[in-house]
Amino acid sequence: MATLQKIRSKGPLLIIVIGLALFAFIAGDAWKMLKPDQGSPVAGIIDGKKISVVDYQDAVQRYTRIVEFVNNGVSLSEEAHNSIQDEVWQTMVRKALVEKEASAAGIQVTDAEMMSVIEAGNDPMLSQTPFVDQNGKFDADNLRLFLSSYNELDRSEMPAEYLNYYDNLYIFWEYIEENIRLNLLISKLLGLVDNSVIANKYAVDNSYTNRIRKNDVLVGILPYSAIADEYAQVTESDVKAAYKDKKDLIYQSAETRDIRFIDVKIVPSRQDKEALKAEVEQSAKELESVNEDYSAFVRLAQSEIPYYDLPYTADGLPADVALRLDSVKMGKVFGPYYNAGDNTYNAFKLLEKVGAYDSIEFRQIQVIGQSKEEIAQRADSIFKALKKGADFEKTAAIYQQAGLSQWISSAVYEGSALAQADVQLLGALNQMKKNEIRNLDLGQGSIILQVTGLKNKVNKYKTVVVKREVEFSNETANKAYDELSAFVATNNTFDALKANARENGYSFIEIPDFTSARHNISGIEKSHEALKWAFQAKEGEISKIYECGAMNEHLLVVAVENIHKKGYRDLKYLRSILISQVSNDKKAEYAINNIFNNVNSLSDLKKIDGIVVDTARFVNFNNATYISGMAENEYLVGAAVANVDRDRFSAPVKGNAGVFVVEKISSDDESGSFDKSMEKDRLKSMASSIISGGLFGELISRAKIEDSRYLYF
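Residues numbered from 1 in each chain as written. Predicted model: local features only at pLDDT ≥ 70, side-chain atom pairs only at ≥ 80, totals over all residues. Heavy atoms only, no water.

1. Describing the sheet that holds strand β2 (residues 49–52)
One open sheet holds the three strands; their spatial order is β2-β1-β18, and the pairing between them is antiparallel. Two strands in the sheet have a free side with no partner beyond their single neighbour: β2 and β18 (705–707). In this sheet, neighbouring strand axes are inclined to one another by 25 degrees on average, regardless of whether the strands run parallel or antiparallel. Of the strand pairs in this sheet, strand β1 (residues 42–46) and β2 are connected by four bridges, and their pairing is antiparallel. Of the residues in β2, the one forming a bridge with Gly44 is Ile51. (Pairing = 2+ DSSP bridges. Helix = DSSP H or I, 4+ residues; strand = E, 2+ residues; numbered from the N terminus. Axes fitted to C-alpha atoms, helices over the stretch in contact; angles between N-to-C directions.)

2. Comments concerning the sheet that holds strand β11 (residues 508–514)
In spatial order, the strands read β11-β5-β13-β12; together these four strands make up an open sheet with antiparallel pairing. Of all strands in the sheet, those with a lone pairing partner are β11 and β12 (546–548), marking the two edges. Each adjacent strand pair in this sheet contributes to an overall mean axis angle of 35 degrees, direction not counted. Looking at chain direction, strand β5 (residues 256–265) and β11 are connected through five bridges and run antiparallel. Pairing of Arg260 across the sheet is with Glu510, part of β11. Here helix α17 (residues 474–490) sits on the sheet and contacts β5, β12 and β13 (554–564); the angle it forms with β13, its principal contact strand, is near 30 degrees. (Contact = heavy atoms within 4.5 Å.)

3. Observations concerning the confidence of the model for the chain
Residues of the chain with pLDDT of at least 70 account for 91%, and the chain-wide mean is 87. Segment residues 1–38: pLDDT under 50, and 96 contacts once partners within four positions in sequence are set aside and those in other chains are kept. (pLDDT = per-residue confidence, 0-100.)

4. Overview of the pairing of strand β7 (residues 344–367)
The element β7 is extensively covered by neighbouring structure, given that 18 of its 24 residues are classed as buried. With antiparallel pairing between neighbouring strands as the criterion, strand β6 (residues 333–339) and β7 make up a hairpin whose turn holds four residues, including Asn343 at a positive phi of roughly 55 degrees. The sheet contact formed by β7 and strand β10 (residues 446–469) spans 22 bridges and is antiparallel. Residue Thr344 lies in a different strand from β10, and its bridge partner there is Glu469. Pairing geometry for β7 and strand β8 (residues 406–409), over four bridges, is antiparallel. Opposite Glu361, over in β8, you have Trp407 as the bridge partner. (Buried < 20%, exposed > 50% of the residue type's maximum accessible area, 1.4 Å probe, protein only.)

5. Thoughts on the packing of helix α4 (residues 78–104) against helix α7 (residues 160–196)
Direction vectors running N to C along α4 and α7 enclose 50 degrees, while the axes themselves pass 10 Å from each other. One way to sum up the angle between α4 and α7 is to call them oblique. As α4 packs across α7, the resulting crossing turns out to be left-handed. Taken together, the residues of α7 that come into contact with α4 (itself represented by Lys95, Val98, Glu99, Glu101 and Ala102) are Glu178, Leu182, Leu185, Ile186 and Leu189. (Parallel < 35°, antiparallel > 145°, perpendicular 65-115°, else oblique. Left-handed = near helix turned anticlockwise from the far one by under 90°.)

So, in C-alpha cells, the structure goes:
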C-alpha cells in the first residue's frame, strides 16, 4: 500500500511520461512482436514483417497492465483503451524502424551505459518511479533493494494480492528500463543528424535580423472574390495541368472513405423518469430504518456510489450531496431529489460528522507467513518490540522492507474503488494519533502501522448515498428503433437518405476522409462494428442499424459515399479545389499586371474597387500577419516589407486570400546585442529539430506499413 500510494500520487505525470516516452514499452518478450507470422491472423505489416494478432494483443495487454498499475487498478475507458492500442502500434512501427537504422549505422547501447544512467539517476523517468528518497530523487539503492527482494520472494507463502502487486511493479520497472535504453539509442541516432547541421554566416545574420526587426506597415489587399471571374476562365487543360503539378502533394498512404451516418441518441421518456423517481423514493424510505450493512443496501438500491465505512471530506462526496450536508440532521435522510448536473435522482443519509486530519504521514511493515498463526505470532512480536522502543526502519529492514514514512491525503483515495484491506488500513489511519503504533490484521496478512505526522484538520462525513441515473426503458428504446427502421426501409438508397433525412427529423452527418484508425464512428463508444462494415462496404451501400454507446443509447446507420484508395487521389474528387486554385492564380496574375501596376501612393491604392486597407503592427519576417476582414492570415507580408524603404510600396504579391502591396510606416529593432554564438546555436537547434522530425516521417513513409487492426480490434 505504501509504494502503491507513492505511485498513485504521481499517476497523471506517469501517464504523460508514458505518452512521451519515445518509442519503448515492450520489455522482456519484445522480440516476439516482430517475429514472422506463422498462420495466425495479421494485425498489420511493418517494413515487410507481419505482426500477428496474437503478438499485437499481447503487447496491448502488457501495456494496459502498466497503465492500470500506475493508476492503482482503475478501470480504463474505451477511449483510453483505443489510445493504448494506437500507442502500441506506433511504438512497434517506430521501434522497428529505429532499430533497423541504428543497426545499419553500427549504433548500440551497452549494459555499461545503462548502468551509468541508472547510477547517475538523472534521467527524468527514474524520478517517476517509486524508487526515490524522501526528497523525490531517484535512489539506486532502493531499486537494488527491491530487485533483490523480488528475486528472493517465497511465492508459496505470499498472499496473492501482494504477489500481484510486486509482479506489476517489476513489469513497470522493466518498462522504465526499456524506455531508457531506447532513448539512449535514439539519442545516438539523432546525434548523427545534429553533427551534420552547420549554420552558415549569412543564415545566422539574416536569422537575427529577421527575428528582431519589427515593422509597422500599411497593407492594401484585393481579395480574390473582388476580382471579376471573367479574368479567370479555367479550362479542363488548366485543371489537368494543376493536378499534375500538385500530384506529389496529394498522395495518401492509406485508404480513406467519405461516409455519412445517422445517429439517433435514445433519451429517457417522461414515464422513464417518473418510474425511477418512484424507485428512489422507496429506497429513501427504506434507508431511514437501515442501521447496518450499508454496503449491501446501496448495492440492492443500485446506487452508483458504493459505501465504504470511512469518513470523507466534502470534496470527496458527490457535489450535489456536499451542497446539501448542512440541510440534514444526523441520522436522517435527505431526498429524494433530482440533480440536473448528472441527470440523477438521489437520496442520502448522514451517519456521522467528525473532525479528522486530511493528510496523514505513516510507515508500515507488512507481515506474512505460511499460516494465520505464524503471521499473528510474528506480527505480535514486531509490535511488542516497537512498543518497547525498537527502531522502526531497522526492524523493517530485517523483513527486507524500507519502513520509510510517506504522506497520504484524502484526495488520494476518495472517489476510488477500494478493496476491503484498503478500507481497514485507511480506517485505522483516520483513527490513530501521532506516534501511535497499531497491529492491523488484514486476514491474509498483517500490517504494523505507525502514524508519524498529521496535518490540516477538517470536517469529514460518513454518508450513505443512493444515486441513480435516469435511463431509458426497453419500451423507449424499441420505439426509437422501430421509427428509424421504418425510415431506412422506405429510404433504402444513399440518395434517398440524403434527400429525406432532415425532413424526417434525422441528420445525415458527413465525415470526409474517414480512416480505419479512428476505432469508432464520431467518438461513439462500441461502434467499432459499424466502422469495420464501412471499410468492407461498396460505394452507395447502407448498413444495418447498429446499437452502440456505453449503454446502447445510440442507434447508428452508416452509408459509404466515396472510396479513396491508397495512392494518388482521383482528379474527380479534387476538381473543385483545383478550379478554385487555378482561378485565384489567374486572378492574381491579372491584378498584378493590370490593377496594381500604377500604385505609388495611398490615394492610388484607395481608388481600387474592393480594396481592403489595414495597418498592421509588429510585422516581421518570421510571423504571419492578420489583416482585418480577411479569413486567412498572410505569411508573405513580412517578406514583402523586409527590403522595402520607408514610405515606399512593395511590388504586388500573390497571397492566400488576395493580392496585396505593403508600405513600411516605421521599423524598429528590439533591444539587445547580437550574440553570434547564441544565434548560431539557436539556428542549429531549430534546423536539427526540423530535420529529426522529418527523418522519422521519411522512414515511416518509405517502410511498407499496412494497418489491419480494425478487422480485429
